[in-house]
Every structure is written in C-alpha cells, then in structure tokens.
Amino acid sequence: KMGNTVKPDLHITMDGDHVCIRSESTFKNIELKFDLNKEFEQTTADGRKVKSTFTMDGDKLMEQQKGDVDSTFTRELVDDNHLKVTCQAKEVTSYRNYVRI
C-alpha cells in the first residue's frame, strides 16, 4: 500500500547504450545502471532477485524481468512533459504517469 502513495522523482539519463534510472522519494532512493541489450542481475525495490534486460523500441524503453513472476515494463514518453510506465505481470497490467516539473 505504501508504494501507491509515494510520488517519486524519476531521472533517466542515457550515454550511448549506457542507461541510469534514478528514483528518489521520501520513502526510498533507487539507482539502476545498465547497458542496453545485456542481461544483468537486479534486486527490485521490493527485494526480489530477477534477471533484467533493457531494450529500446523506437522511443520506448522496454524492460523484461525474469524471476518468480516474469514482468514487462514499458517506459514511454507521451510528449515532452509526460512519461507513462506500464507494468505487465501475469494477467495484471498497471500504469504510473510522471509529469515533468
């Protein structure tokens, strides 16, 4: 329930194929650094161990997580001020929207 009330600041930077995603909130700060198209081990914000692979699909940053429950995340710039994140796991889809400040 706590995760639903947190409104993190999200920072995504790219330098070639190297990507850094930083999420900052009053609850928890997370930084994830990786190279596109290379699988790596990741510990998720909720403590799960998964193997993740990030790819680009046009302007969408796609993430495939393999673990106890496989998940797919899509990070899509809707326009210059809005980012939509879609998460799919099993038959459940959730959305989170970010607004540039």
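Within each chain, residue numbers correspond to sequence positions counted from 1 in written order. Given that this is a predicted model, residues contribute local features only at a pLDDT of at least 70 and side-chain atom pairs are listed and counted only at 80 or more, while totals for whole chains, interfaces and linings are drawn from all residues. Hydrogen atoms and water are omitted, and side-chain values are computed over all heavy atoms in the structure.

Brief notes about the nonpolar core
Nonpolar core, defined: a set of buried Ala, Val, Leu, Ile, Met, Phe, Trp, Tyr and Cys residues in which side-chain atoms within 4.5 Å join the residues together. Throughout this description, buried means an accessible area under 20% of the type-specific maximum (1.4 Å probe, protein chains only), exposed means over 50%, and partly exposed covers the range between. By size, the foremost hydrophobic cluster in this structure holds eight residues: V19, I21, L32, F34, L36, F40, F54 and L61. Breaking this core down by element, the ones donating at least two residues are strand 2 (18-24) and strand 3 (30-35). By definition in these notes, contact holds between two residues if any of their heavy atoms fall within 4.5 Å. Beyond its immediate chain neighbours, meaning those up to four positions away, F54 contacts I21, L32, F34, L36, N37, F40, L61, M62, E63 and R75. In this description a helix means any DSSP run of H or I spanning at least four residues, a strand means any run of E spanning at least two, and both kinds are numbered starting from the N terminus.

Topic: the layout of surface pockets
Using a grid of 1 Å spacing that covers the protein atoms alone, one calls a set of points a cavity when a 1.4 Å probe fits there but cannot get out, and a pocket when the set is open and has protein on both sides within 12 Å along at least five of seven lines; lining residues are those with an atom within 4 Å of a point. Grid points are joined across faces, edges and corners, and a volume is the space filled by probe spheres set on the points. In this structure, the second largest pocket spans a volume of roughly 700 Å³. Taken together, 23 residues make up the lining of the second largest pocket; nearest its centre are L10, I12, L77, L83 and Y98. Going through the elements one at a time, strand 1 (9-15), strand 7 (71-79), strand 8 (82-89) and strand 9 (92-99) are the ones with two or more residues in the lining of the second largest pocket. Top element by residues in the lining of the second largest pocket is strand 1. It accounts for five residues.

Some remarks on the sheet that holds strand 2
In a beta sheet, neighbouring strands pair by backbone hydrogen bonds and run either parallel or antiparallel. As summarised here, the arrangement of the three strands in space is 1-2-3, forming an open sheet in which the pairing is antiparallel. Unpaired on one side and paired on the other, strand 1 and strand 3 mark the two borders of the sheet. Pairwise comparison of adjacent strand axes, ignoring direction, gives a mean angle of 10 degrees for this sheet. Note on pairing: DSSP must find at least two bridges between two strands before they are called paired. Here strand 1 pairs with strand 2 via seven bridges, running antiparallel. Axis definition: a line fitted to C-alpha atoms, over the contacting stretch in the case of helices. Angles run 0 to 180 degrees between N-to-C directions.

Digging into the pairing of strand 7
Looking at chain direction, strand 6 (residues 60-66) and strand 7 are connected through six bridges and run antiparallel. The partner of Q65 across the bridge, within strand 7, is S71. Counting the residues between successive antiparallel strands, the hairpin from strand 6 to strand 7 contains four residues. Summarising the sheet, strand 7 and strand 8 pair through eight bridges and their orientation is antiparallel. Its bridge partner lying in strand 8, L77 is registered against L83. From the end of strand 7 to the start of strand 8, which pair antiparallel, there are two residues.

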